Amino acid sequence: MTTAELIGKVFLPISLAIIMLGMGMTLLTSDFTRILKNPKTILIGLTNQLLFLPIIGFSLAIIFNLEPIMAVGLMILASCPGGPTSNLITQVCRGNIALSVTLTAIASIVSVLTIPFILSYTLQFFGAATNVTIQLPILDTILQIMVITIIPIAIGMSIRKFKTNFAKRMEKPMRIASTVIFILVFLAVVAANFNIIGKAMKEVGLVTLLLNLLTMGLGYLTASVFKLDFKSAISITIESGIQNGTLAIVIATTILNNVEMGIPTAAYAIWMFITGGILMWQLGKRPELASN
């Protein structure tokens, strides 16, 4: 097993599961029931992730006249919303964690069905069609969400319920741990993609940065238009702009057997961690959000 595989298959899932456990210790059942009673926030977030994200990616590919391989790579990324990293960033930014987790879980499951449709059309449109049937493992995806996200959060919520004082004492240490793990994951991403970062930034650096900024901006705009509270706006902003790069790489390199299609994801990962880090730095230190 290579270092990159060790990071992606062992270190990252374990680290994220630990962070999800910490998140669970900040959550109550009422946090989720409140969201379900007002599904508007979920619908806004899912619309951004599953509809507007691919549209923006497709538009940028045409506007920048990307070569077919890069265009398909960009669309692979744009069809893979969410991921546990967005939950981590939301926690440090003091956003609505319950909303973030809910959006990640639903979008991840639904995208298993939408990705084949989007990519089949993309391959035909950009003239990069292959004979490969794009099929994603639904059960494996659900199992991954359960093990990395839902089960650790459920355990954390149980600790919060039965060991409330301990859970409250652990809030600050777990937020610090989230920040440290975020930095370590960023360094791991850089190390794993070091040999192609230069090429990625040269070929699709600007377009991937625009994809990140536009999707985040759209997330905040839609949350503002529909008058959502600030914590929910933070969550939707982050969920709209933080994509599941791991899934995108798997699709490019394993399903489509084209390493070059993973280049846009490598570039996007750098921007994603930079913009996410800036949000964590700016929003994580605001005391007025901590009391909400």
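Residues numbered from 1 in each chain as written. Predicted model: local features only at pLDDT ≥ 70, side-chain atom pairs only at ≥ 80, totals over all residues. Heavy atoms only, no water.

## Some words on the packing of helix 9 (residues 194-225) against helix 12 (residues 263-283)
At step 1: Running from N to C, helix 9 and helix 12 point in directions that differ by 50 degrees, and their axes come no closer than 7 Å. Taken together, the axes of helix 9 and helix 12 are oblique relative to one another. Judged by the twist between their axes, the crossing of helix 9 over helix 12 is right-handed. (Axes fitted to C-alpha atoms, helices over the stretch in contact; angles between N-to-C directions. Helix = DSSP H or I, 4+ residues; strand = E, 2+ residues; numbered from the N terminus. Parallel < 35°, antiparallel > 145°, perpendicular 65-115°, else oblique. Left-handed = near helix turned anticlockwise from the far one by under 90°.)

## Details of the environment of phenylalanine 125
At step 1: For phenylalanine 125, the position within the fold is in helix 6 (residues 97-125).
At step 2: Leave out the neighbours within four places in its chain, and phenylalanine 125 touches Phe58 and Ile62. (Contact = heavy atoms within 4.5 Å.)

## What to know about the confidence of the model for the protein chain
In regions of low pLDDT, the predicted coordinates are not meant to be interpreted in detail.
At step 1: For the protein chain, the mean per-residue pLDDT works out to 83, and 87% of the residues sit at or above 70.
At step 2: Mean pLDDT across the elements of the protein chain bottoms out in helix 13 (residues 287-290) (50) and peaks in helix 3 (residues 40-63) (95).
At step 3: Within the model, pLDDT remains below 50 along residues 288-292, and this stretch shows eight contacts once partners closer than five positions in the same chain are excluded. (pLDDT = per-residue confidence, 0-100.)

## With respect to a nonpolar patch on the surface
At step 1: The grouping of Leu143, Met146, Val147, Ile150, Ile151 and Ile155 at the surface amounts to a nonpolar patch, some 500 Å² of accessible area in total.
At step 2: Mapped onto the fold, methionine 146 is located in helix 7 (residues 138-162). (Patch = residues over 30% accessible without salt bridge, like charges linked within 9 Å, V, L, I, M, F, W, Y side chains within 5 Å. Areas by Shrake-Rupley, 256 points an atom, 1.4 Å probe, with all protein chains shown as cover. Salt bridge = Lys/Arg side-chain N within 4 Å of Asp/Glu carboxyl O.)

## Quick notes on the pattern of salt bridges
If charged atoms from side chains of opposite charge come close, those side chains can pair.
At step 1: For the structure on display, the rule yields one salt bridge.
At step 2: The residue glutamate 260 makes a salt bridge to lysine 199 at a minimum N-O spacing of 3.8 Å. Within this pair, whereas glutamate 260 is found in the loop between helix 11 (245-255) and helix 12, its partner lysine 199 is found in helix 9, the two being separated by 61 residues in sequence.
At step 3: By relative accessible area, lysine 199 is classed as partly exposed at 38%. (Buried < 20%, exposed > 50% of the residue type's maximum accessible area, 1.4 Å probe, protein only.)

## So, unusual backbone geometry
At step 1: Non-glycine residue arginine 94 carries a positive phi angle of around 60 degrees.
At step 2: Backbone geometry places lysine 227, a non-glycine residue, at a positive phi of 55 degrees.
At step 3: By secondary structure assignment, the location of lysine 227 is in the loop between helix 9 and helix 10 (230-241).
At step 4: A residue is classified by how much of its surface remains accessible, and lysine 227, at 71% relative accessible area, is exposed.

## A look at the packing of aromatic side chains
At step 1: The final tally for this structure, using the stated rule, is five aromatic pairs.
At step 2: Residues phenylalanine 58 and tyrosine 121 carry aromatic rings whose centres are separated by 6.1 Å and whose planes lie at 45 degrees to one another, so their mutual orientation is tilted. Taken as a pair, phenylalanine 58 in helix 3 and tyrosine 121 in helix 6 lie far apart in primary sequence, 63 residues in all.
At step 3: Of the residues examined, phenylalanine 58 reaches a relative accessible area of 19% and is grouped as buried.
At step 4: On the accessibility criterion, tyrosine 121 (48% relative accessible area) is partly exposed. (Phe/Tyr/Trp six-rings, centres within 6.5 Å; stacked < 30°, edge-to-face > 60°.)

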